Amino acid sequence: MGVLLISIFTSSFLSTAPAQAQIIHAGQACVVKEDNISERVYTIREGDTLVLQCLVTGHPRPQVRWTKTAGSASDKFQETSVLNETLRIEKIQRLQGGRYYCKAENGVGVPAIKSIRVDVQYLDEPVLTVHQTISDVRGSFYQEKTVFLRCTVNSNPPARFIWKREAEILSHSQDNGVDIYEPLYTQGETKVLKLKNLRPQDYASYTCQVSVRNVCSIPDKSITFQLTNTTAPPALKLSVNETLVVNPGDNITMQCSVTGGDPQPEVVWSHSPGPMPPNSLVQGGNLTIWRIRVEDSGYYNCTAINNVGNPAKKIVNLLVRSMKNATFQITPDVIKESETIQLGQDLKLSCHVDAVPQEKVVYSWYKNGKPARFSDRLLITRNDPELPPVTCSMEIIDLRFSDYGTYLCVATFQGAPIPDLSVEVNISSETVPPTISVPKGQSTVTVREGSRAELQCEVRGKPKPPIIWSRVDKETPMPSGTMTMETYNGKLHLESVSREMSGTYKCQTARYNGFNIRPREALVQLNVQFPPVVEPAFQDIRQGMGHSVTLRCTMLKGSPMKVATSVWRFNGSLLAQPLAEQQDYSELKVDSVSWETSGSYECSISNDVGVSACLFQVSAKAYSPEFYYDTPNPTLSEKQSKNYSYVLQWTQKEPDAVDPILKYRLEVRQLSQRNTIQTFIPVKKIEKGLLLEHILPNLKVPQSYEVRLTPITSFGAGDMAARIIRYMEPEQPLPIPTDNTCRFEDEKICGFMQDKMDNFDWTRQNALTQNPKRTVNTGPPTDISGTPEGYYMFIEASRPRVTGDKARLISPLYNITAKYYCVSFYYHMYGKHIGSLNLLVRVRNKRAIDTQVWSLSGNRGNMWQQAHVPINPPGPFQIIFEGVRGTSYEGDIAIDDVTLKKGDCPRKPIGPNKGETVSASEANKLVGRWGKFTFFLMVS
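Residues numbered from 1 in each chain as written. Predicted model: local features only at pLDDT ≥ 70, side-chain atom pairs only at ≥ 80, totals over all residues. Heavy atoms only, no water.

Some words on the pairing of strand β58 (residues 705–713)
Phase 1: The element β58 is largely enclosed, with a buried count of eight among its nine residues.
Phase 2: With eight bridges joining them, strand β55 (residues 663–670) and β58 adopt antiparallel strand pairing. Each bridged residue has a counterpart across the sheet, and for arginine 669 the counterpart in β58 is glutamate 706.
Phase 3: Sheet topology note: the β58/strand β60 (residues 721–725) ladder contains five bridges and is antiparallel. Residue pairing for β60: valine 707 is matched across the bridge by arginine 723.
Phase 4: With two bridges joining them, β58 and strand β59 (residues 716–717) adopt antiparallel strand pairing. Its bridge partner being in β59, threonine 713 is matched across the sheet by glycine 716.
Phase 5: The loop that links β58 with its antiparallel partner β59 comprises two residues. (Buried < 20%, exposed > 50% of the residue type's maximum accessible area, 1.4 Å probe, protein only. Helix = DSSP H or I, 4+ residues; strand = E, 2+ residues; numbered from the N terminus. Pairing = 2+ DSSP bridges.)

Points about the packing of aromatic side chains
Phase 1: Here the structure, examined in full by the defined rule, presents 15 aromatic pairs.
Phase 2: Centre to centre, the rings of tryptophan 650 and tyrosine 664 are 5.3 Å apart; their planes meet at 75°, and the pair counts as edge-to-face. Of the two residues, tryptophan 650 sits in strand β54 (residues 643–652) while tyrosine 664 sits in strand β55, which places them 14 residues apart along the sequence.
Phase 3: A relative accessible area of 1% places tryptophan 650 in the buried class.
Phase 4: Residues phenylalanine 825 and phenylalanine 881 carry aromatic rings whose centres are separated by 5.0 Å and whose planes lie at 80° to one another, so their mutual orientation is edge-to-face. Of this pair, phenylalanine 825 sits in strand β65 (residues 821–829) while phenylalanine 881 sits in strand β69 (residues 877–884), placing them 56 residues apart in sequence. (Phe/Tyr/Trp six-rings, centres within 6.5 Å; stacked < 30°, edge-to-face > 60°.)

Considering unusual backbone geometry
Leaving glycine aside, a negative phi is the common case for residues, and trans is the common case for peptide bonds.
Phase 1: Residue proline 157 follows asparagine 156 across a cis peptide bond; omega there is 5°.
Phase 2: Considering the arrangement of structural elements, one finds proline 157 in the loop between β12 (155–156) and β13 (160–165).
Phase 3: Of note, the bond from aspartate 262 into proline 263 is cis; its omega dihedral lies within 30 degrees of zero at 5°.
Phase 4: Here proline 263 is to be found in the loop between β21 (252–262) and β22 (266–272).
Phase 5: Its identity as a non-glycine residue notwithstanding, asparagine 214 has a phi of 60°, on the positive side.
Phase 6: Looking at the secondary structure, you find asparagine 214 in the loop between β17 (205–211) and β18 (221–226).
Phase 7: Although it is not a glycine, cysteine 216 adopts a positive phi angle of roughly 55°.
Phase 8: With respect to the helices, strands and loops of the structure, cysteine 216 is situated in the loop between β17 and β18.

Things to note about the side chain of aspartate 659
Phase 1: Within the secondary structure, aspartate 659 sits in the loop between β54 and β55.
Phase 2: Of the side chains with opposite charge, lysine 685 lies nearest to the buried aspartate 659, which makes no salt bridge, at 11 Å.
Phase 3: A polar contact is formed between the side chain of aspartate 659 and the backbone nitrogen of methionine 545, at a distance of 3.0 Å.
Phase 4: Once residues within four sequence positions are removed from consideration, aspartate 659 is found in contact with Gly544, Met545, Ala620, Thr713 and Ser714. (Lys, Arg positive; Asp, Glu negative; His and termini not counted. Salt bridge = Lys/Arg side-chain N within 4 Å of Asp/Glu carboxyl O. Polar contact = N/O pair within 3.5 Å; in protein donor to acceptor, adjacent residues only side chain to side chain. Contact = heavy atoms within 4.5 Å.)

What to know about the pattern of salt bridges
Phase 1: Under the counting rule described, the total for this entry stands at 33 salt bridges.
Phase 2: One salt bridge in this structure joins arginine 460 and glutamate 458, with 3.6 Å as the shortest N-O distance.
Phase 3: Between aspartate 540 and arginine 542 there is a salt bridge, and its shortest N-O distance comes to 2.9 Å.
Phase 4: On the basis of relative accessible area, arginine 542 is assigned to the buried category, the value being 11%.

Quick look at the environment of glycine 835
Phase 1: Among the secondary structure elements, glycine 835 is positioned in the loop between β65 and β66 (836–844).
Phase 2: Looking at glycine 835, the relative accessible area reads 11%, which means it is buried.
Phase 3: Non-local contacts of glycine 835, meaning those with residues more than four positions away in its chain, are made with Met829, Leu856, Ser857, Gly858, Val884, Arg885, Gly886 and Ile893.

Structural notes on the pairing of strand β46 (residues 549–559)
Phase 1: Two strands pair when backbone bridges link them, and strand β44 (residues 521–535) and β46 are joined in this way by four bridges, in the antiparallel orientation. Residue phenylalanine 530 lies in a different strand from β46, and its bridge partner there is serine 559.
Phase 2: Here β46 runs beside strand β49 (residues 585–590); their pairing, made up of six bridges, is antiparallel. Each residue of the ladder has a partner; that of arginine 552, found in β49, is glutamate 587.

A word on the nonpolar core
Phase 1: The biggest cluster of nonpolar side chains holds 35 residues, and the ones touching the most others in it are Phe825, Trp854 and Phe881.
Phase 2: Mapped onto this core, the elements with two or more residues apiece are β63 (792–795), β64 (806–810), β65, β66, β67 (848–857), β68 (865–871), β69 and β70 (893–902).
Phase 3: A total of five residues in this core trace back to one element, the largest contributor, which is β65.
Phase 4: Within the second largest apolar cluster, 30 residues are counted, among which are Met323, Phe328, Ala355 and Val425. (Core = buried A, V, L, I, M, F, W, Y, C linked by side-chain atoms within 4.5 Å.)

Let's talk about the state of the cysteines
Phase 1: Under the criterion given, the structure shown has eight disulfides.
Phase 2: Two residues, cysteine 54 and cysteine 102, share a disulfide whose sulfurs are 1.7 Å apart. Judged by the sign of its S-S torsion, about -55°, the cystine formed by cysteine 54 and cysteine 102 is left-handed. Taken as a pair, cysteine 54 in strand β5 (residues 50–59) and cysteine 102 in strand β8 (residues 98–105) lie far apart in primary sequence, 48 residues in all. (Disulfide = S-S within 2.5 Å.)

This is the structure in structure tokens:
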């Protein structure tokens, strides 16, 4: 089957181009390298300044957004991002390492995304601890036979450890008494020095030195430990019990004494939960707390550390006596499932306080002011499993009329200066369970946002229990921050309500300070009215002179959701507008755009609660031009003087939106001066995307200039665009040498350059520099000469490359000295996952145009083959070799011996595929029909 591929050069074009991006560094990098899998890694020292710049091309000018993943294995962007071409992080920290992504997009094609891995280097101070083998530790610590000195450090990259005894460097198994090893699962962060069968000479000074080999100029660090025959782990003794109960207002001192340890242990006090109280003082091992408060309760930890053995710890549970929240419960006969008090049935009265310590509370019961007389019908119980812990209950068996009366429960801390708490409950024929309801007309409460709301539920019964409020339709907390709120009068007061507080609220009876029965419930609906939310908040409308425009202001949200009134104003003056009823929008038609009707239109929409406004800016002004930043070789030298010219290119944004552009006002100012030179550039009909050009002459080398460009229509001046132009040495096209075969033997690779806008790079290598672990069954064993010293260029398809990744190699810029040229080269495409090799020609004219002139895909065998491709570029040009990665890692592609010659290509087959090229003279016969083109015919 034959495949005919035709590429056409055209002299007119639209200048939109998708975004492309490349990351470069400009900060305090230690090194930016390509690792062994061709991944870009930026190494930087912790505390230095990270600067990454995203170089972009594309038209319109792409916007750049920086994002970061938590690590190289994560695919999710962080929510926060930086919208700028330069990312700068002062004093970078280790947690800020990871993969950084530059995303450039301009609405043309797919966004361009590039990434670089930032590796933050650091070396912390090492920590040295001493341990012994598991054995009897009742004796002196170092009467044991084996001692372990453990050195640990946090670092990146992993640290190198050096152990020294005095000044002598120790090595693994240098004698029978020394072992050095890395424990399992420590990931290079720990080295252990093991001293076996401890000898007298082992009592010495030991130093652990850690190093990251001066990477990023990080110096080595060390720590020293003196091992003696008295070295011992810490031991502690407390002056108080492990549980200490005190009264509020007392001054207390807890003494933590060191009873053992060499070197001398350091004693530290801490408190949980929370920090140490502000009214506390630590002196040595003594902790003193003055005028102790209830909130000072908690666990106080005394820890002694000397890095020998395990730290010694003592914990004191400090309890400050307190009592609060006395409550009662009336529980009718549970066995008979009764919810009312009835004579002849059992009744239980319960009393509870929240206390510290809870178990030390003593409850006393009184009836009608006298101590209750207990009998076989009047029983006292504690720790009822159906009630809160340490609750005291009085059970009345077979309730009689004589049992009616007022009962008082008193909670006491005996022998402590804590005031008693009491709660009273009356039992009579009038003691009835509660009912709850919403007052008439109060089931729906409507208020305005920001005002005060009152929700009410009425409770009847004796006694009246507290009311618990909660939200029904939303799993969100109440305004207090808790999921429920308690009220005693049935009224819930909400201050400064917001629209989010709208919804259904539930009121229900509590099961304490009343009957311990199923709660009674009722519902109240809260409607919060708020002003309308409208769109657009602002809209810039451009239209040609004499055309009509309809402005619409739409109500998106609001309560009530109805436009009550709408008012239109033009430049602040009121316009006559009929009232819009039963609608969620308001419209105004401007019959004809003109100088008189251009300006600011404001629509104010009200829903009787508030007002919101839409703002429209209507005019026939032209949009701003969009400068083209990718002009190839924009600087033109003027040999007769020290001046230069600059090729300024731009497109016009939405030229058809308004009247035709007649001319541009050009203002040029040298940055070091104030004077501005103004000229006008006349233009004819402008199409959207058409690239316009103007040459700025007589600019001073090497000065930079501010350029302002303003479109002019029959309406007047449009929006202005500004940019800075800077002098750059112009790139001069090279003549094509007579013998110009590039064999890539020199590191300069004949002036070829890696494209900064591709996914990865071509690699120069020979048989001697190949990676010994390279993928087999793909790639050439040598260059075309067959010698191990011969170099070639190739693309590596192994990870992290993915399907479709491209590597581009760009030739120098060549001048036109002939009509036809022939590009000849050898290619090697061997492997079951081979992608594509493309040859493109980039013509440098008003803009760079890349045209594909040759392409080959798939496995072509383990051999070098030659291709001849005719081209006829219309101006200075470059050739580009583009390697495209295939579906997997067995897809290495190589090229060698690239030749560019004037004239037709030779008429001969291309290797075993018997591909054939068409001569340039034959190709020229089709110019009249197709315009400038290049094509080849490949037969497979």
